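Geometric and topological summary
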Amino acid sequence: MPEDDDVPTPRGPARVDTDLPAGAPSALLVLGHGAGGDVDAPDLRALRDAAVDAGLVVARVTQPYRVAGRRAPAPAGHLDEAWTAVLAVLRQRHPGVPLLVGGRSSGARVACRTAPAVGAAGVVALAFPLHPPGRPERSRAAELATGLPTLVVNGDRDPFGVPEPGPGVQVVTRPGERHDLRGDPAGTAAVVRDWLRGRGWARG
C-alpha cells in the first residue's frame, strides 16, 4: 500500500510518497522531481511502478519549496540540505537494503551531488540537464562524477543536452524524446529496471 507523509527538514517540511513491494524489498530507491514539476511526472510514475514490481521500495520526495506552493526552485544548497535530511529518515525506516538515489532533471542533480555523502550504492538520473538550453559552455557534467554506478537516461532531442558516458556512468539516449521524457515513459522505466536487475538491485 502507498504511504505518504511530511518529513521535517531544516528548510521546512518535505513530502514523501512511499510505495512498498510485495515481500521483502531488494533495495530502496529515492527519487526527486524537476525544478518546476512534481513527483507525478510521467517518467517518475512509470519508474515507480516498474521498480515496485521488481521488488524495490520507492520513495518520491517533494522538496519543501514545492510543499509550500512555490514553483521557483530553492538554491542548490537548500535543495541538497533538505534532501539529505529526508534520506536520513528513509534509511532508518528501511534499513538493511541498498540505497539508490535519483530523480529527473533538477532532482537528478541533487541526487548526484549528495550521493556519496548519504551512502548511496548507485544513482539513476532521468533527463539530466547537462547545460542550460543554448549554453553548452556551462556544463554540469562534473556532477555526474560521483564514483558510484550511475545510469543516465536522456532524450536525443533534449535542449538541455545529453551527457557523455564516463567511468561508472552509463548513458542511454531515448530516440525522439525531449526533456520531459513523455513519449514513452514505460520504455524509459524498462531501461532503468533492466539496469537495476543487472546490478542485482531488482528481482528478475
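Definitions and cut-offs
Each chain carries its own residue numbering, running from 1 in the direction its sequence is written. Given that the model is predicted, a residue must reach a pLDDT of at least 70 before its local features are reported, and side-chain atom pairs must reach 80 or more before they are shown or counted; all residues, however, enter totals for whole chains, interfaces and linings. Calculated side-chain values reflect all of the structure's heavy atoms, with hydrogen atoms and water omitted. The convention used is that axes are lines fitted to C-alpha atoms, helices contributing only their stretch in contact, and that angles between N-to-C directions extend from 0 to 180 degrees. Note on conventions: DSSP H or I runs of at least 4 residues are helices, E runs of at least 2 residues are strands, and numbering of each starts at the N terminus. Should an angle lie under 35 degrees it is considered roughly parallel, over 145 roughly antiparallel, and from 65 to 115 roughly perpendicular; all remaining angles are considered oblique. What makes a crossing left-handed is the near helix being turned counterclockwise from the far one by less than a right angle; a clockwise turn instead makes it right-handed. By definition, residues are in contact when any of their heavy atoms lie within 4.5 Å. Gly falls in the polar group here, along with every residue not listed as nonpolar (Ala, Val, Leu, Ile, Met, Phe, Trp, Tyr, Cys, Pro) or charged (Asp, Glu, Lys, Arg). Only Phe, Tyr and Trp rings take part, Trp by its six-membered ring, and two of them pair if their centres are within 6.5 Å. Stacked means planes under 30 degrees apart, edge-to-face means over 60, and tilted covers everything else. To qualify as a nonpolar core, a set must consist of buried Ala, Val, Leu, Ile, Met, Phe, Trp, Tyr and Cys residues joined through side-chain atoms within 4.5 Å. For every residue, the accessible area (1.4 Å probe, protein chains only) is compared with the maximum for its type, and the residue is labelled buried under 20%, exposed over 50%, or partly exposed between those bounds. The span you would expect from a helix comes to 1.5 Å times its residue count less one. Consider a residue and the seven residues that end there alongside the seven that start there; fitting an axis to each set, the bend is the angle between those axes. By convention in these notes, a salt bridge is any Lys or Arg side-chain nitrogen within 4 Å of a carboxyl oxygen on Asp or Glu.

Next up on the list: the packing of helix α1 (residues 42–53) against helix α5 (residues 185–198). For the pair α1 and α5, the least separation of the axes is 8 Å and the interaxial angle reads 50°. Here α1 lies oblique to α5, going by the angle between them. Judged by the twist between their axes, the crossing of α1 over α5 is right-handed. Along its contact with α1, which presents Pro42, Asp43, Ala46, Leu47 and Ala50, the element α5 presents Pro185, Ala186, Ala189, Val192 and Arg193. When its residues are assigned to classes, the contact of α1 with α5 shows eight nonpolar, no polar and two charged.

The next thing to look at is the packing of aromatic side chains. Counted according to the given criterion, the structure contains one aromatic pair. Centre to centre, the rings of Trp195 and Trp201 are 5.6 Å apart; their planes meet at 65°, and the pair counts as edge-to-face.

Below, the discussion takes up the nonpolar core. The nonpolar side chains of a soluble globular protein tend to be buried with one another. Counting 32 residues, the largest nonpolar core has Val30, Val61, Trp83, Leu90 and Val101 as the members making the most contacts within it. Mapped onto this core, the elements with two or more residues apiece are β2 (14–19), β3 (27–32), β4 (56–62), α3 (76–93), β5 (99–104), α4 (106–118), β6 (122–126) and β8 (169–174). Sort the elements by how many residues they give to this core and α4 lands first, with six residues. Ignoring any residue separated from it by four or fewer positions in sequence, one finds Trp83 in contact with Val30, Leu31, Gly32, Val61, Gln63, Val101, Gly102, Val110, Ala111 and Thr114. Ala41, Leu44, Val172 and Leu196 belong to the second largest nonpolar core, which has 27 residues in total.

A few words now on the environment of Gly23. Note that Gly23 resides in the loop between β2 and β3. The exposure class assigned to Gly23 is exposed, which follows from its relative accessible area of 57%.

Further remarks concern α4. Taking 1.5 Å as the rise per residue, α4 with 13 residues should run 18 Å; its terminal C-alpha atoms sit 18 Å apart, in good agreement. At Cys112, α4 shows its largest bend, some 35°, and a proline, Pro116, comes one to four positions later. When you tally the buried positions in α4, you get 10 out of 13 residues, the bulk of the element. For α4, the set of buried residues is Ser106, Gly107, Ala108, Arg109, Val110, Ala111, Cys112, Thr114, Ala115 and Val118. Buried residues along α4 sit against β3, α3, β5 and β6. Where α4 ends, the next residue or the one after it, Gly119, has phi of about 80°, a positive value.

This structure, assessed with the given rule, holds 14 salt bridges. A salt bridge links Asp184 to Arg174, with the nearest nitrogen and oxygen atoms 2.8 Å apart. With Asp184 in the loop between β8 and α5 and Arg174 in strand β8, this residue pair connects regions lying 10 residues apart in the sequence. Among the residues examined, Asp184 registers a relative accessible area of 34% and is labelled partly exposed. The buried category is assigned to Arg174, whose relative accessible area is 14%. Here Arg193 and Asp194 are joined by a salt bridge, their closest N and O atoms 3.3 Å apart.

Along its 14 residues, α5 runs 20 Å from first to last C-alpha, staying within 8% of the 20 Å computed at 1.5 Å per residue. At its buried positions, α5 is contacted by α1, β4, β5, β6, β7 (150–155) and β8. Gly200 sits one or two positions beyond α5 and adopts a positive phi of about 85°.

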